[in-house]
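What the coordinates show
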Amino acid sequence: MTFDPADALASIGIRAPKPTIKAFFAEATKVRWSPVQVCEKLVALERRERDACNLARRTRSATIGPCATLDTFNWSHPRSIDREVYDELLLLDFLKLGQNVLFRGPSGAGKTMLAQNLCLAALAAGHRVRFVTLASALADLLRQESLPAFERRVKRYTDPDLLVLDELGYVPADSRGADILYNVITRRHKARSTIITTNLAFKEWGPVFPSAACVGALVDRFTEQCHFVDIDADSWRQRNALKRSASAHSARKR
């Protein structure tokens, strides 16, 4: 039987794809690498492959969803936005300090996109991330029928290095939802970073959680160490819809 180095390496746990291994040995033969060079470069190849697999696994677990890349964000579109604050956030120092971030602005202003791109930067740096709408997170936790089940499930939201709770204020919740959100924020306080996106000022958070007594304490806890990114802008989605409508109208007139 002919010895196949790619199959042999796969049998001891090397994850690099077979075509990559074959190309590797062809290059090694062509340039006459020494045995030490072969080992060194093979280790580097496998490390890159494992890092890529690890990133792919953590990205799937993060549930970020479809995301436009940051280079497509038009910074001149908002009437006001503090780009310097966002650029500093991209350095991810806030994660090391367990600090929070609040993206606040009208619907369609780009809050979710900017939060998603912070998630991608954190994933690339090796952090554990979870992205979820606040409504989905609360619905998930409220479905748990016992305290042990709740404690197991809440780790989805307390353990990641970065948690994004998207769209606070879009769907109303009850006092139980407020208590759960306060529970999550408290467990993460000063230890792990949380990002919230919302279209509401803090004084408007109360009506989202009718009859909840903990809203004031929730805001105080979340904002104790928090970076604020306020966006004043018209909706991107409405703007693009108007453009498409105008283009279609112009085409029909020709």
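In case you missed it, the structure is sitting above this.
Residues numbered from 1 in each chain as written. Predicted model: local features only at pLDDT ≥ 70, side-chain atom pairs only at ≥ 80, totals over all residues. Heavy atoms only, no water.

We now examine the packing of helix H7 (residues 134-142) against helix H9 (residues 175-188). Running from amino to carboxyl end, H7 crosses H9 at an angle of 100°, the nearest separation of the two axes being 10 Å. For the element pair H7 / H9, the angle class is roughly perpendicular. Counted together, Leu-134, Leu-138, Leu-141 and Leu-142 of H7 and Arg-176, Gly-177, Ile-180, Leu-181 and Val-184 of H9 form the full contact between these two elements. Broken down by class, the residue content of the contact of H7 with H9 amounts to seven nonpolar, one polar and one charged. (Axes fitted to C-alpha atoms, helices over the stretch in contact; angles between N-to-C directions. Helix = DSSP H or I, 4+ residues; strand = E, 2+ residues; numbered from the N terminus. Parallel < 35°, antiparallel > 145°, perpendicular 65-115°, else oblique. Contact = heavy atoms within 4.5 Å. Nonpolar A, V, L, I, M, F, W, Y, C, P; charged D, E, K, R; others polar.)

Moving on: the pattern of salt bridges. Inspection of the entire model under this criterion finds 14 salt bridges. We note a salt bridge from Asp-87 to Arg-83, for which the minimum N-O separation is 3.9 Å. A residue pair is termed a helical-turn pair when its members lie 3 or 4 positions apart in one helix, as Asp-87 and Arg-83 do in helix H4 (residues 83-89) at four residues. A residue is classified by how much of its surface remains accessible, and Asp-87, at 36% relative accessible area, is partly exposed. The salt bridge partner of Asp-230 is Arg-104, with a shortest N-O separation of 2.7 Å. Here Arg-104 lies in strand S1 (residues 100-104) and Asp-230 lies in strand S5 (residues 226-230), a separation of 126 residues in the sequence. The exposure class of Asp-230 is partly exposed, given its relative accessible area of 37%. (Salt bridge = Lys/Arg side-chain N within 4 Å of Asp/Glu carboxyl O. Buried < 20%, exposed > 50% of the residue type's maximum accessible area, 1.4 Å probe, protein only.)

Considered for burial, the residues of H7 that qualify are Leu-134, Ala-137, Leu-138, Asp-140 and Leu-141. Down the axis, H7 shows its buried residues gathered within 160° of arc, on one side only. Buried residues in H7 make contact with strand S2 (129-133), helix H8 (147-158), strand S3 (162-168) and H9. (Arc of directions from axis to C-beta.)

Leu-165, Leu-181, Trp-205 and Phe-209 are the most contacted members of the largest nonpolar core, which has 30 residues in total. Residue contributions to this core peak at five residues, all from H9. Those residues in contact with Trp-205, other than ones at most four positions away along the chain, are Leu-102, Leu-168, Ile-196, Thr-198, Leu-200, Val-215 and Val-219. (Core = buried A, V, L, I, M, F, W, Y, C linked by side-chain atoms within 4.5 Å.)

With 14 residues, H9 should cover 20 Å at 1.5 Å per step; its first-to-last C-alpha distance of 20 Å lies within 8% of that length. Every buried residue of H9 is listed here: Gly-177, Ala-178, Ile-180, Leu-181, Val-184, Ile-185 and Arg-188. Down the axis of H9, the sector holding all buried residues measures 165°, keeping them to one side. For H9, the elements touching its buried residues are H7, H8, S3, strand S4 (193-198) and helix H10 (215-223). The opening residue of H9 is Asp-174, an N-cap whose side-chain oxygen sits 3.1 Å from the backbone nitrogen of Arg-176. (Expected span 1.5 Å × (residues − 1). Polar contact = N/O pair within 3.5 Å; in protein donor to acceptor, adjacent residues only side chain to side chain.)

So, about the side chain of Asn-117. Mapped onto the elements of the fold, Asn-117 is located in helix H6 (residues 111-124). Polar contacts involving the side chain of Asn-117 include one to the main-chain carbonyl oxygen of Ala-68, which spans 3.0 Å. Not counting residues within four places of it along the chain, the set of residues in contact with Asn-117 comprises Cys-67, Ala-68, Thr-69, Leu-70 and Tyr-86.

The strand order across the open sheet formed by five strands is S2-S3-S4-S1-S5, and the pairing between neighbours is parallel. Two strands close off the open sheet at either side, each with one partner strand: S2 and S5. Neighbour-to-neighbour, the strand axes of this sheet turn through a mean angle of 15°, independent of strand direction. One ladder, built from four bridges, connects S1 with S4; its direction is parallel. Bridging from a neighbouring strand, Leu-102 pairs with Ile-196 of S4. (Pairing = 2+ DSSP bridges.)

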